[in-house]
Amino acid sequence: KPFGVQVYAGPCSSQQESPYEDTGPRFYVSITKAALEHFGDAPPMPKELAAVVGPGDWRVRGLGWALAPPHSDPQVLHADLWGGPRHPRRTVRFPHLLWKPGFLSNCT
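It should be emphasised that the depicted structure is a prediction, and the values quoted were computed from it without experimental measurement.

Conventions adopted
- Residues numbered from 1 in each chain as written.
- Predicted model: local features only at pLDDT ≥ 70, side-chain atom pairs only at ≥ 80, totals over all residues.
- Heavy atoms only, no water.
- Helix = DSSP H or I, 4+ residues; strand = E, 2+ residues; numbered from the N terminus.
- Buried < 20%, exposed > 50% of the residue type's maximum accessible area, 1.4 Å probe, protein only.
- Contact = heavy atoms within 4.5 Å.
- Areas by Shrake-Rupley, 256 points an atom, 1.4 Å probe, with all protein chains shown as cover.
- Pairing = 2+ DSSP bridges.
- Axes fitted to C-alpha atoms, helices over the stretch in contact; angles between N-to-C directions.
- Lys, Arg positive; Asp, Glu negative; His and termini not counted.
- Salt bridge = Lys/Arg side-chain N within 4 Å of Asp/Glu carboxyl O.
- Patch = residues over 30% accessible without salt bridge, like charges linked within 9 Å, V, L, I, M, F, W, Y side chains within 5 Å.

Caption draft 1: The overall build of the chain, seen in detail. Along its length, the chain carries two helices and five strands. Walking the chain from its N terminus toward its C terminus, one meets helices and strands in the order β-β-β-β-α-α-β. Every one of the 108 residues in the chain was classed for burial, and the buried ones make up 15%. Sequence separation of at least 24 residues holds for 56% of the intrachain contacts in the chain that already meet a minimum separation of 6. Only carbon and sulfur atoms are counted for the fraction: they give 61% of the accessible area of the chain, which is about 8900 Å².

Written out as structure tokens, the structure reads:
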């Protein structure tokens, strides 16, 4: 925490076919606090990306990496819900933007 880095146990890996059992751990390494301390307020989403995602006052809420053992199953289906005084918890959902280092890279 002194460096603004936090590690969380996120939703686990899960089989893609029945019986859809949990198959392993996943972790989320967040640098959100460090980024906000360094850059200030989160910037708005680029206009080109907002046009794809849809209308709204989109902001970066989290910045980090999901880590899982090699060849893990995908993360279990879940919804990221978040809220605050101006954003009721029942209506705020967050799209996930993912990228991987190369076309042939394994990404779960």
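Having seen the structure, we can now continue with the description.
Caption draft 2: Summary view of the pairing of strand S4 (residues 27-30). Of the strand pairs in this sheet, strand S1 (residues 6-9) and S4 are connected by four bridges, and their pairing is antiparallel. Bridge pairing links Val7 to Val29 in S4. Inspection of the sheet shows S4 paired to strand S5 (residues 64-67) by four bridges, in the antiparallel sense. Note that in S5 the partner of Tyr28 across the bridge is Ala66.

Caption draft 3: Focus on unusual backbone geometry. Here the amide bond leading from Ser18 into Pro19 is cis, since omega sits at 20°, within 30 degrees of zero. Turning to its location among the elements, Pro19 is positioned in the loop between strand S2 (13-14) and strand S3 (22-24). The phi dihedral of His71 falls on the positive side, at around 60°, and the residue is not glycine.

Caption draft 4: Representation of the environment of Val76. Relative to the helices and strands, Val76 resides in the segment after S5. Val76 sits in the partly exposed class, given a relative accessible area of 27%. The spacing of Val76 and Glu21 is 55 residues in sequence and 9.3 Å in space, taken between C-alpha atoms. In this structure, Val76 is in contact with Pro11, Cys12, Ser13 and Ser14, ignoring residues within four places of it in sequence.

Caption draft 5: Seen up close, the sheet that holds S4. Reading across the sheet, the three strands line up as S1-S4-S5 and stay open at both edges, with antiparallel pairing between neighbours. Lying at the two open borders of the sheet, with one neighbouring strand each, are S1 and S5. Between one strand axis and the next, the sheet turns through 20° on average, direction left out of account.

Caption draft 6: Representation of the side chain of Arg26. Mapping Arg26 onto the fold places it in the loop between S3 and S4. Of the side chains with opposite charge, Asp73 lies nearest to the buried Arg26, which makes no salt bridge, at 8.3 Å.

Caption draft 7: Geometry of a nonpolar patch on the surface. On the surface, a nonpolar cluster with roughly 650 Å² of combined accessible area is contributed by Phe3, Val5, Val7, Phe27, Trp65 and Leu67. Since its relative accessible area comes to 36%, Val5 is described here as partly exposed.

Don't take any of this as a statement about function, it's just geometry.
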